[in-house]
Amino acid sequence: MTATTAYQVPANLSPTTVANTSSLLRIVALALISGAAIASRLFAVINFESIIHEFDPWFNYRATKVLASEGFYAFWNWFDPTAWYPLGRVVGGTIYPGLMATSGVIYSALRAVHLPVDIRNICVLLAPGFSALTAWATYMFTKEMKDESAGLLAAAFIGIVPGYISRSVAGSYDNEAIAIFLLMFTFFAWIKAMKTGSAFFGTIAALFYFYMVAAWGGYAFITNMIPLHALALILMGRYSSRLYVGYSSWYAVGTLASMQVPFVGFQPVRTSEHMAALGVFGLLQIIAFAELVRSHVSSKQFQTLLFASVIGLGLLGTAAIVGLTYKGWIAPWTGRFYSLWDTGYAKKYIPIIASVSEHQPTAWPSFFMDLQFLIFLFPAGVILCFKQLRDEHVFVIIYAIVASYFAGVMVRLMLTLTPVVCVTAAIAFSTLLDTYLNPEEPEAIDEAPKPEASTSAVAPDTSSAPTKKQKKAAPPPAGSTLAELVTKAPGTSKRKTGVFGLDTRLLVVANAIGMLVFFVWHCTWVTSNAYSSPSVVLASSNPDGSQHIIDDFREAYYWLRQNTAEDAVVMSWWDYGYQIAGMADRPTLVDNNTWNNTHIATVGKAMSSSEEVAYPILRKHDVDYVLVIFGGLIGYSGDDINKFLWMVRIAQGVWPDEIQEPNYFTRTGEYRVDDQAPQTMKDSLMYKMSYYRFAELFGGNQPTDRVRGQQVPKTGPTLDYLDEAFTSENWIVRIYQVKKEDPLGRDLKTANAFEQGKKRKRTKPSPRRKAIA
Amino acid sequence: MWARWIVPALLGLVSFVTAKSSSGNSVLVILEPKLDKDNFSKFFSGLEEKGYELTFRAPKDTKPAILEYDYAQFSHVIMFAPETKSFSSDITPQSLVSLLSKNTNLLIALSPKQTPVYTLASEFSLTLPPPGTPLISHFPQRDDPATVIPVPVRPVTPNVVSSKLAPVWFSGIPFAYQNNPLLVPILNAPAESFASDGETDSGADAVVDAADKGGEGLWAGSQMGLVAGFQPVGGARATWVGGVEMFSDEFFQKELPGGGKPGNEQFAADVAAWTFQESLVLRIDSVEHHRVNETVPGQVYTTNDQLVFSAYLSKYNPVSSAWEPFSGIQDMQLEFTMLDPHIRTALPPVRGTPGKYSVTFRAPDRHGVFKFIIDYKRKGLTHLHSSTVVPLVPPRHDGYPRFLSAAWPYYVGAISTSVGFLLFSALWLAGDDRAGSAKGKTTKTE
Amino acid sequence: MLLLHFLALFALPLCLAAVPKDAQSIQEELVKLARANNGVIKLDDRTYDMLTSPKRTWSAAVQLTALDPRRRCAPCKDFDPSFKEVGRAWSGVAAEQRDSHFFATLDFDHAMTVFQKLGIQSAPIVHVYPAADGPRKPANGRTAPSTYDFSFGFEAGPLAEQLSHHTPVPIPYKAPFNWSRWGGIAASGVILIAALRFVGPILQWKWTWALGTVLTSLVMTSGYMFTRIRGAPWTGGNGQWIAPGYQNQFGQETQVVAMIYGLLASAFLMLTVVTPYTSSPSRQKAQVYLWSIVIFIMYSVLLSLFRVKNKGYPFKLLL
């Protein structure tokens, strides 16, 4: 009997109509996806307000303001005397200007068309805007992998997947906001160049690579992924002139361009992170030359010799690179990269890196939280890539392995994993849908007449006309065109496979749609609950369930801005440097750009040593105010006492004989703040500043620290060298003023004693007047 | 925007030009009833002649208060209440110290009795002998009691008291200096004098025993102070006197053992003049800094710039009661500091322009936030301190030399490559058919 | 009183001479002791006081431990060899430096009083006594002992590195060459090359690679690296195998989660790839239903697992 379809597909449609309609639908779908991507990132603005989030964004925002107000060259040469006081910071040479430049361009463009938009709103909304572009780039990328339908799915996934939203909600104005788009588009351009062997796309890739280099330190990921892909292809014996042209054009242009970024400078030829790209470039040249000669020369032995020489040259090149590294001409891996391989490295040697919370390893719940059902579609997609192993699939596969490892080691690198997960999951999912939406039903096992095979295989064009006449009962070819459109599943053209019956289709499709709907729910919930809080403003819920905003940070920063001298230097732990500079506009000692370990260690030492020791340090650095974060009253766990051990460790790294971590633990090795706390802990400036007058709140009752859950002593610490200047509503931020020297040249302890009218014991004269007899 | 000023507080008080003193002319004299005012008439009238307005008050009575609403009511306070045990509520050691931070000068007299003032002395790094042990000296031979001593005036700190004074009569207690740089010794005890129980001037053994009992040895020798000044941070001045009698008319006229008039009157006047900020008062009027052959101060400077820093000093002239440019300092230094002084250089007076001190130096090759610091502290002289913050930035992106001879290899490389490329493509395009076929081949392989 | 003076003047050189003399004798004795058992002095109450005398011109690293089996101090046993190693390495340096720094072991059972005096409950501890006198007295004048920070681990390498801060010259410690390890590596390499002919086809077969890739990504995405880096235990005590808390997990969770992921993925692949090839309608239908149900159930299991980790997660399927 003849081929049947599970359901009727509209008959009288011309191929062009179908093509146009589908492309129109695609455009509409992409538009909707962009809309969804942007909209779901606006929770932060709706729940709170249009405000810059967290820490680094505050610096980016400040830099952008400089760029917008004083122009590009002023920004380029910007030396910030208020950061890292008194060292100052050469901003122009120590940042990736891509982000600021982007919003600067947008700003001036809008001004040019007389749309005076506040620079802050541009900064706040930049990330959502670029997320839409990311969706588009992912669509293009996935289209190269499979087809448009997979592309649309991938775009939809990455549009709303929490793993990407977590770093691109409105207000998180950080490099990652635009970097992911650049990443995906560079990869797309690379794939295109590698497939078509066009120098044009190679150059496009290079240009976007340059943009990426200017925008994000993570560009090294591209710098190593593309060479890895090329190398894998070579080893698989898939070298082709297309690969040669694509890679060479990308590397040559891209490297030259990337060296124009001041912060990168000569790194591309001097550091190990970039050596892979260089090496593969050299290898490609050798191989290309070999191919050329081989195509001309025909003698057998010569070819073997040639082959040998190629191998030899390759080894020689690697040996040279290694040698140069040992000679020191090529800098070895920087700590941040090295800590990815040797995972114990950072904690031991660079505590600053280890102390950052987003450098911690990832537990499985956060994988599921961020990627939900994509995480288990991911392997399926990888398998499908293996099924038809085209060059571009090799890329996805390598990407999958590398990114999953990195994401496991560092939470923040979840960001690089997300795109490939979306792509592979989309491939898997769309393959499933293709299979089960395909109306074609295979017929019974035994007889399989040729013509049907041909019709189903044949593309919708005039050539299918003759076959049409032969059969009556067969579905009209237009239908088959639509069917063709729906089914791109590999293998349909070969032996006739497919699904029987309508119920199976309905079941599977319903199951799939259910999953998608669930995914949308999940993403919405996660985004609105977990990833939309701007950590500058905290939200807690009252007993009656209503939301209660805790705004201590801004309260304190504005107090600083309005009540202290323009040039009053504020000392705090480095986490709050950018915020103080951004919101309070005051000089800070250290900030989140942790470029000077010693300076940070100085602050750590001041915080972790006693008043007498700390005071000279404070005076030497002209510190007027000291700011600490204390969560003990309302249970804000991210406070300085919990970070205190890192301060101690970092200080110990520089002054091992003055600060020793064990002294801050009890004999039994516990970290306590209550009566059993060791004396060193109780004397430390940080402890004193945190718990100063804390007991008074409890009116004689036993004061309790809500974060540590411990009972702190009834009689709190006393301060001689500092004055409490300000404490915010919920005691989260406490600001202390550093006293000036005593007018009578006494040390401030005795001066205080005198002020409080304490009798001092009569001082004996200096021994010079000792009795002789 | 980045200029920071920590200039002596007296800058604000230029308005009192009528006064003899640079810091105002109202004086409160706290005189205890035991001492009668006429006995000090010479001293006080001397002050009044100079143009001070003296207000008298007993330690007990409450008006006029020395502080009202935490504001100092007088520019100078004379504490002639060495034996008063209890003062009225507004006079406490704390309030007296706070006066100093409000730029009010103190002249305080001590006595062998244990009083609040007596205990206050230790806050000023002066160690007093046990109560009831005045200074005693049996030399030179004289018929006065051993506690009334003619003290030869040796210049301990230059220029505070006028030189070549006759010995001054002294009666009171000595004190030991702790090592505090703010102390200004004015008059030291004679070498042969010692502190001991004055009433019963028993023999040496008794003295030695007492010394051993005290556990702090014998108070003796020329290292003991009798009159000491103190310069608190902020410019005010305080003077401690071991005994009030040396200001009395009686001592002013008392014949010296060797005959001749004592130096007391002049000494008292000088001490008062120094204490009330008449003599040895300096200030920094202004500082300025700019690049060489520029005049306007730069907001920021670039590393290795040639910088000019100049400061304008003036000194208070009690005669004309006016500030006059002062070029007398030869040993002033300028520091260009970031955490540590990167440059420390002499800041000499400029010939021809009185009061101007200037120096030119090359900024260090290190960017950061630097401070021009003048910190001139000499005993007796007003402490001068000035600090001006200025950022030192690296050169602009176009501030570097454009063409480096060291970079020749790069230039040659770039030029040769591009020329080679041009030639190659030219030959390629203009090649004949064989070249064409070759091209065909190569494109096949590439 | 002059007489007193003179006496004092006489006394001065005497005591000057006296102090170092006994110190020297102590030092010589200590040197003997150290040489006796190679580089590490076995202390008791008396020798402890000698070693840490306030007049010491030498520095010392003292290991307070309890090696007696009755004490059941496993870490002590782990740490003792590395300390001995470092001590032996130190005995190799030139005499004049060597004799100005000592390594010593103080066992709880030989010197309880010292432990009580120091008020130490836990072992092992390494105290480093800087020189309290003489040329090697630290500039900051701090002569109190400092404690070695065990966060560097029990290995001899870091120990030597850290103690070198306190010794006159760095401790010449070299980790012993690990023959077995390198030998193993070399052997495996040789075997690999030899077997290349046979494993070659396997290596070239793409599904081996596919398997490797998928397994890697499964293991990584189920939090294996977390357990590696944090050294998380296989299971918690009292038999619970799900670590409480969102940012925490046990080794077993990794397995279970990886398994669930794998199962779900394979179910999808079954539906996508295999099922269409089955050519009999009924069998195919059965498969489709089977796999769909498997997906549904495993998915809800995964969700319930996630709800255990993340309280307040509102969604659930079956259970």
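Owing to the predicted nature of the structure, the values given are computational and were not obtained by experimental measurement. (Residues numbered from 1 in each chain as written. Chains lettered and ligands numbered in written order. Predicted model: local features only at pLDDT ≥ 70, side-chain atom pairs only at ≥ 80, totals over all residues. Heavy atoms only, no water.)

**Q** Outline the overall build of chain C, listing residues and values.
**A** Regarding its fold elements, chain C presents 11 helices and five strands. A globule of 319 residues ought to have a C-alpha radius of gyration of about 20 Å, yet chain C, at 33 Å, is considerably larger. Put simply, chain C has 319 residues, and 40% of those count as buried. If you take every contact in chain C between residues at least 6 apart in sequence, the share linking residues at least 24 apart comes to 63%. Looking at chain C as shown, the accessible area adds up to about 17,300 Å², and 67% of this sits on carbon and sulfur atoms. (Helix = DSSP H or I, 4+ residues; strand = E, 2+ residues; numbered from the N terminus. Rg over C-alpha atoms; globule rule 2.2 N^0.38 Å. Buried < 20%, exposed > 50% of the residue type's maximum accessible area, 1.4 Å probe, protein only. Contact = heavy atoms within 4.5 Å. Areas by Shrake-Rupley, 256 points an atom, 1.4 Å probe, with all protein chains shown as cover.)

**Q** Describe helix H10 (residues 219-235) of chain A, listing the residues and the values that go with them.
**A** Here H10 of chain A is 17 residues long and its end C-alpha atoms lie 25 Å apart, about the 24 Å a rise of 1.5 Å per residue gives. Along H10 of chain A, 13 of the 17 residues are buried, which leaves the element largely enclosed by surrounding structure. (Expected span 1.5 Å × (residues − 1).)

**Q** Can you break down the UniProt feature "transmembrane region" (unreviewed entry) in chain C residue by residue, with the values?
**A** UniProt marks residues 179-200, 207-226, 256-276 and 288-308 of chain C with the feature "transmembrane region" (unreviewed entry), using the numbering shown here. Helix makes up 100% of residues 179-200 of chain C and strand 0%. Its end C-alpha atoms lie 29 Å apart. (UniProt positions renumbered as here; feature names shortened; annotations may be inferred.)

**Q** Can you break down the sheet that holds strand S3 (residues 101-107) of chain C residue by residue, with the values?
**A** Residue and element names in this part refer to chain C. Across the sheet, which stays open at both edges, the five strands sit in the order S1-S3-S2-S4-S5 with mixed pairing between neighbours. Of all the strands in the sheet, the pair left with one neighbour each is strand S1 (40-43) and strand S5 (146-147). Relative to S3, helix H3 (residues 74-90) is tilted by about 155°, and along the sheet it contacts S1, strand S2 (59-65), S3 and strand S4 (125-129). (Pairing = 2+ DSSP bridges. Axes fitted to C-alpha atoms, helices over the stretch in contact; angles between N-to-C directions.)

**Q** Account for the UniProt feature "domain: STT3/PglB/AglB core" (unreviewed entry) in chain A, with residues named and values stated.
**A** Taken from the UniProt record, the annotation "domain: STT3/PglB/AglB core" (unreviewed entry) applies to residues 567-619 of chain A. Structurally, residues 567-619 of chain A comprises 55% helix and 6% strand, and the distance from its first C-alpha atom to its last is 15 Å.

**Q** Requested: an account of the sheet that holds strand S11 (residues 722-727) of chain A, with residues and values cited.
**A** All names here are of chain A. Taken together, four strands build an open sheet; the order of strands is S7-S8-S12-S11 and the sheet is mixed. If you trace the sheet from one side to the other, it starts and ends with strand S7 (569-571) and S11, each paired once. Recorded for the sheet is a direction-independent mean angle of 30° between the axes of neighbouring strands. Pairing analysis gives five bridges linking strand S8 (residues 623-629) to strand S12 (residues 733-738), with the strands arranged antiparallel. Bridge pairing in S12 links Val628 to Arg734.

**Q** Could you give an account of the nonpolar core, with specific residues and numbers?
**A** Counting residues in hydrophobic clusters, the biggest one holds 329 residues, and the most contacted among them are Phe43 and Phe80 of chain B. With 15 residues, helix H21 (residues 414-437) of chain A is the single largest residue contributor to this core. Leaving out residues up to four positions away in the same chain, Phe43 of chain B has contacts with Ile78, Phe80, Leu107, Phe247, Asp249, Phe252, Ala268 and Ala272 of chain B. Judged by nonpolar contacts, the second largest core, of 36 residues, contains Phe74, Met79, Leu128 and Ala238 of chain B. (Core = buried A, V, L, I, M, F, W, Y, C linked by side-chain atoms within 4.5 Å.)

**Q** Give a detailed account of the pattern of salt bridges, specifying residues and quantitative values.
**A** All told, the structure shown has 53 salt bridges over all chains when counted by the stated rule. Between Glu696 of chain A and Arg693 of chain A there is a salt bridge whose closest N-O contact spans 3.1 Å. What makes Arg693 of chain A partly exposed here is its relative accessible area of 38%. Of the charged contacts, one joins Arg344 of chain B and Glu335 of chain B as a salt bridge, the two residues approaching to 2.9 Å between their closest N and O atoms. Here the residues in one salt-bridge network are Glu144, Lys192, Lys195, Arg390 and Glu392 of chain A, joined through shared partners. (Salt bridge = Lys/Arg side-chain N within 4 Å of Asp/Glu carboxyl O.)

**Q** Would you mind going over the environment of Asp624 of chain A in detail, with residue names and values included?
**A** All names here are of chain A. Relative to the helices and strands, Asp624 is located in strand S8. Along the sequence, Asp624 and Lys739 sit 115 residues apart, while their C-alpha atoms lie 8.0 Å from each other. In contact with Asp624, other than residues within four places in its own chain, are Asp567, Ala568, Val569, Tyr736, Gln737, Val738 and Lys740.

**Q** Just give me the short version of the interface of chain A and chain C, but keep the residues and values in it.
**A** With 63 residues of chain A at the contact, the number on the chain C side is 67 residues. Between chain A and chain C the total buried area reaches about 6,200 Å² when both faces are included, carbon and sulfur atoms providing 71% of it. Summed over the shared surface of chain A and chain C, the result is one salt bridge. Residue Lys285 of chain C pairs with Asp503 of chain A through a salt bridge whose shortest N-O separation is 2.8 Å. The set of elements that each furnish at least two residues to the side of chain A that touches chain C consists of helix H18 (364-371), helix H19 (374-387), helix H20 (391-409), H21 and helix H25 (502-529) of chain A. (Buried area = accessible area lost by both parts, 1.4 Å probe.)

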